[in-house]
Amino acid sequence: MTSVRLLAITKEYGERRVLEGINADIASGSSLVVTGRNGSGKSTLLRVIAGLTRPTSGQVAIEIDGKVLAGEERRNAIGFVAPDLALYEELTALENLAFFAKARGMRRSRKDLRELIARVDLAGREDEPLSSYSSGMKQRMKYAFALLHEAPVLLLDEPTANLDENGVALVDEIIREHRKEGLLILATNDKREVGYGDQIIQLGF
Amino acid sequence: MGTKSSSLASKAIAVYRKDIVSEFRTRYAVNAVALFAVTTLIAVSMSVGGFGVTDKNLLSALLWVILFFSAMSGLSRVFVREEESRTASALRLSADPIAIYIGKLAFNLTLLLALEIIVVPMFVVMMNAGVRNWTFFWLILLFGSVGLSAAATIVAAIVSKANAKGALFAVLSFPILAPLLVTAISASSAAMGGGAFADCWRYLRVLVSYAGVMITASVLLFEFIWED
Amino acid sequence: MMLQSLLGVWMCGVILAAFLWLPPAKGFQYPEAARIIVFHVPNAMAAVLAFLVSTVYAIKHLRGRNPADDAKSAASAQLGLLFALLAAVTGAVFAKIQWGSAWNWDPRQTTILILLLIYAAYFALRSSVEGSDRRAALSSAYAIIAFVTVPFLVFVVPRMTSSLHPSDTLTSRGGLGTQYRIVLFSAMAGFAGLYLWMFRLSVALAEIRNGKKGV
């Protein structure tokens, strides 16, 4: 049983208050959708939940069976996809994933990694450096990065950015699969994707 | 898929190997540092080599000035590149901050030592600098480099979040490296003159403790610097 | 208000005593010039005090993440820079008169120069980081890293060259007369008070700039 609790999250950049008093409580098997116009703080909120950005005040608690996670356990509980996230361009898909698995303290065989790459429809390109990938292929690689450690919490910021029809279908499948057991947080303005939310946070007015 | 937690060392090694492979393919830092070092060395030996500089203090001061500025030209790349290519977030999400610092430090140290293997013999030949005690000379370079890269790595992490990174890197590094440089200069001058063991040990002690203190402080502070 | 006036009167007393009441110091080549000690030494001590306070608040900031602690750390560093600069200048004036050259890489001069460089770099860093949280965290971390290298500086630099600095004259008994001791210690107290007063002013100013009332 995984849960994400947001307690009065506020984030200020100097004078500008981007997030103010955001509260939420989500448990595994359900999903949260964050919507709002551009610049309303969707990405910031997801970065705060991911632990990439420290909130000015308030707390984020990621819990598994009532235990609040920290450090490596917290990092490994989260899969994150976002437009401003990039993987290593000079490394191949396989090398990228092998590195991230090792950095997370996990063992993944070549076969496991190839299967993961095949799952995001990049089979056959795993030995090419990411610099030769199109933006849609890079977006698919981000899903491989996010799914690599089988995290119970999946944070997706603009999940279908740069993707073609097949890519959108792939993301739909990943979301549907994850929603069964896992916890999903989406930041999107796409009407269809908003429909995935059991809870919705509307940012900015 | 089996998952097994592994030690800090193996994660640091993963970061180190990743950086080495990246560097091998792009040659971002190596080219900058090596060319800078060789250019400076030639500039120095052209301008003063003709006078037949024999003063050991002056020679070793010139050597460390060259090494310091070469380090400043490239050692900030380890963090600046992660920020510029926007890979820092993926790294933050995946790796232990301490493993990242250690891996990056090891990378910078490798780079600096590789540089010294090329530049130092060139310096000795071009400047006609006689070295009496080679063992001690290399020991000083080794431990001096550990301290130099430890300080450069933590300052690189700071600078990667600031504007005007290039200029700031040397400005922030020099004052904290001053004690190390002063010691290393006296020590290599002693090694050129063939100093006694006791003399050498006195300098090495300072260099080793500087490196130790700098690495410890960096490990303690890195988390605060690294988080966004 | 009361304390301020008292501080003003006290400093006036110190200045008058330094120039009128003190006899020329016999131990020096130019005894009249030794009066500068009364201002040089307390300035240096105020600088050390200010840098210590700055580091303490930097550590406190990283532990508690209170922006007010960072503001205090920066305010104190700024004052430290000012006092260190004054100490360096008064020292150079004294050196010029007594030894004939204003700058001769005396260990004390080297040390204070590097301290000045550290805190100049600290402010260069502050001005080139965007975002107050980030600026606070990075500059606190730099202040602490710089601070841990200071013991090495104090240990290493004196071995470079021999010192002409007359610190022994000041600390040994009978080096300077009782009158000198009285004025010097009064000046130290005065400069410490001056530092505290200026520190509180800069902190208050920083709070107004950040639009916050109270601490």
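About the cut-offs
- Residues numbered from 1 in each chain as written.
- Chains lettered and ligands numbered in written order.
- Predicted model: local features only at pLDDT ≥ 70, side-chain atom pairs only at ≥ 80, totals over all residues.
- Helix = DSSP H or I, 4+ residues; strand = E, 2+ residues; numbered from the N terminus.
- Rg over C-alpha atoms; globule rule 2.2 N^0.38 Å.
- Contact = placed C-beta atoms within 7 Å.
- Buried ≥ 20, exposed ≤ 12 C-beta atoms within 10 Å, placed from the backbone.
- Pairing = 2+ DSSP bridges.
- Axes fitted to C-alpha atoms, helices over the stretch in contact; angles between N-to-C directions.
- Nonpolar A, V, L, I, M, F, W, Y, C, P; charged D, E, K, R; others polar.
- Core = buried A, V, L, I, M, F, W, Y, C linked by C-beta atoms within 7 Å.
- Left-handed = near helix turned anticlockwise from the far one by under 90°.
- Expected span 1.5 Å × (residues − 1).
- Bend = angle between axes of the 7 residues up to and from the residue.

1. Digging into the overall build of chain B
Piece 1. In terms of regular secondary structure, chain B is built from 9 helices and 0 strands.
Piece 2. What you see for chain B is a C-alpha radius of gyration of 18 Å, in line with the 17 Å of a compact globule of 228 residues.
Piece 3. Partitioning the contacts of chain B with sequence separation of at least 6, the portion at a separation of at least 24 is 85%.

2. Focus: the overall build of chain C
Piece 1. Within chain C, the secondary structure is distributed over 7 helices and 0 strands.
Piece 2. Reading chain C from its N terminus to its C terminus gives the helix and strand order α-α-α-α-α-α-α.
Piece 3. Residues classed as buried in chain C amount to 37% of the 215 residues present.

3. With respect to the sheet that holds strand β4 (residues 57-64) of chain A
Residue and element names in this part refer to chain A.
Piece 1. Across the sheet, which stays open at both edges, the 4 strands sit in the order β2-β1-β4-β5 with antiparallel pairing between neighbours. The open sheet has two free edges, formed respectively by β2 (16-27) and β5 (67-68), since each of these has just one partner strand.
Piece 2. Relative to β2, strand β1 (residues 2-13) runs antiparallel, the two sharing 8 bridges. Residue pairing in the sheet places Y13 in a bridge with R16 of β2.
Piece 3. In this fold helix α1 (residues 42-50) packs onto β1, β2 and β4, with an angle of close to 125° to the strand it touches most, β1.

4. Brief notes about the interface of chain B and chain A
Piece 1. The interface of chain B with chain A comprises 27 residues on the first partner and 28 residues on the second.
Piece 2. Counting only elements with at least two residues in the side of chain B that touches chain A, the list comes to α1 (8-26) and α5 (88-94) of chain B.
Piece 3. Per-element tally for the side of chain B that touches chain A: the top contributor is α1(B), with 9 residues.
Piece 4. Grouping the amino acids of the side of chain B that touches chain A by side-chain chemistry returns 7 nonpolar, 11 polar and 9 charged.

5. Concerning unusual backbone geometry
Residue and element names in this part refer to chain A.
Piece 1. Positive phi, normally seen in glycine, also occurs at A8, with a value near 50°.
Piece 2. For A8, the location among the structural elements is in strand β1.
Piece 3. A8 gets classed as partly exposed once you count the C-beta atoms within 10 Å, which come to 13.
Piece 4. Notably, E150 is not glycine yet its phi reads approximately 50°, a positive angle.
Piece 5. Considering the arrangement of structural elements, one finds E150 in the loop between α5 (135-147) and β7 (153-157).
Piece 6. For E150, a count of 11 C-beta atoms within 10 Å corresponds to the exposed category.

6. Focus: the sheet that holds strand β8 (residues 183-187) of chain A
Residue and element names in this part refer to chain A.
Piece 1. Sheet architecture is open: 5 strands sit in the order β6-β7-β8-β3-β9, paired in parallel fashion. The open sheet has two edge strands, β6 (78-81) and β9 (199-202), and neither has a second partner. Adjacent strand axes in the sheet meet at a mean angle of 15°, parallel and antiparallel pairs treated alike.
Piece 2. Alignment of β7 against β8, held across 5 bridges, turns out to be parallel. Bridging across to β8, L154 finds its partner in L184.
Piece 3. Each of β3 (31-35), β6, β7 and β8 touches α1; the most contacted strand, β7, lies at about 155° to it.
Piece 4. Along the sheet, α5 contacts β6 and β7; its crossing angle with β6, the most-contacted strand, is approximately 170°.

7. Thoughts on the nonpolar core
Piece 1. Ranked by size, the top nonpolar core spans 197 residues in total, and within it L155(A), I140(B), A156(B), I158(B), L125(C) and Y142(C) carry the most contacts.
Piece 2. The element that contributes the greatest number of residues to this core is helix α7 (residues 134-159) of chain B, accounting for 16 residues.
Piece 3. Not counting chain neighbours up to four residues away, the residues in contact with A156(B) comprise L75(B), S76(B), V78(B), F79(B), V80(B) and F169(B).

8. Structural notes on the interface of chain C and chain B
Piece 1. Across the contact, 24 residues belong to chain C and 23 residues belong to chain B.
Piece 2. Looking at the side of chain C that touches chain B, the elements that each hand over two or more residues are α4 (107-127) and α5 (132-156) of chain C.
Piece 3. It is α5(C) that contributes the most residues to the side of chain C that touches chain B, 13 residues altogether.
Piece 4. Grouping the amino acids of the side of chain C that touches chain B by side-chain chemistry returns 21 nonpolar, 2 polar and 1 charged.

9. Comments concerning the packing of helix α3 (residues 56-74) of chain B against helix α6 (residues 97-126) of chain B
All names here are of chain B.
Piece 1. Direction vectors running N to C along α3 and α6 enclose 145°, while the axes themselves pass 11 Å from each other. Between α3 and α6 lies a crossing of right-handed hand. Note on element contacts: α6 touches α3 through L111, L112, L115, E116, V119 and F123, opposite L63, I66, L67, S70, A71 and G74.
Piece 2. Partitioned by chemical class, the residues of the contact of α3 with α6 number 9 nonpolar, 2 polar and 1 charged.

10. Digging into α5(C)
At 3.6 residues per turn, the α-helix brings residues three or four places apart onto the same side.
Piece 1. For α5(C), which comprises 25 residues, the first-to-last C-alpha distance of 36 Å matches the rise-based estimate of 36 Å (1.5 Å per residue) to within 8%.
Piece 2. At T149(C), α5(C) is deflected by roughly 25°, the largest bend along its length, and proline P151(C) occurs up to four residues later in sequence.

11. What about the environment of F28(C)?
Residue and element names in this part refer to chain C.
Piece 1. With respect to the helices and strands, the residue F28 is situated in the loop between α1 (2-21) and α2 (37-64).
Piece 2. Accessibility expressed as a C-beta count within 10 Å gives 17 for F28, which makes it partly exposed.
Piece 3. Ignoring any residue separated from it by four or fewer positions in sequence, one finds F28 in contact with A33, A34 and Q98.

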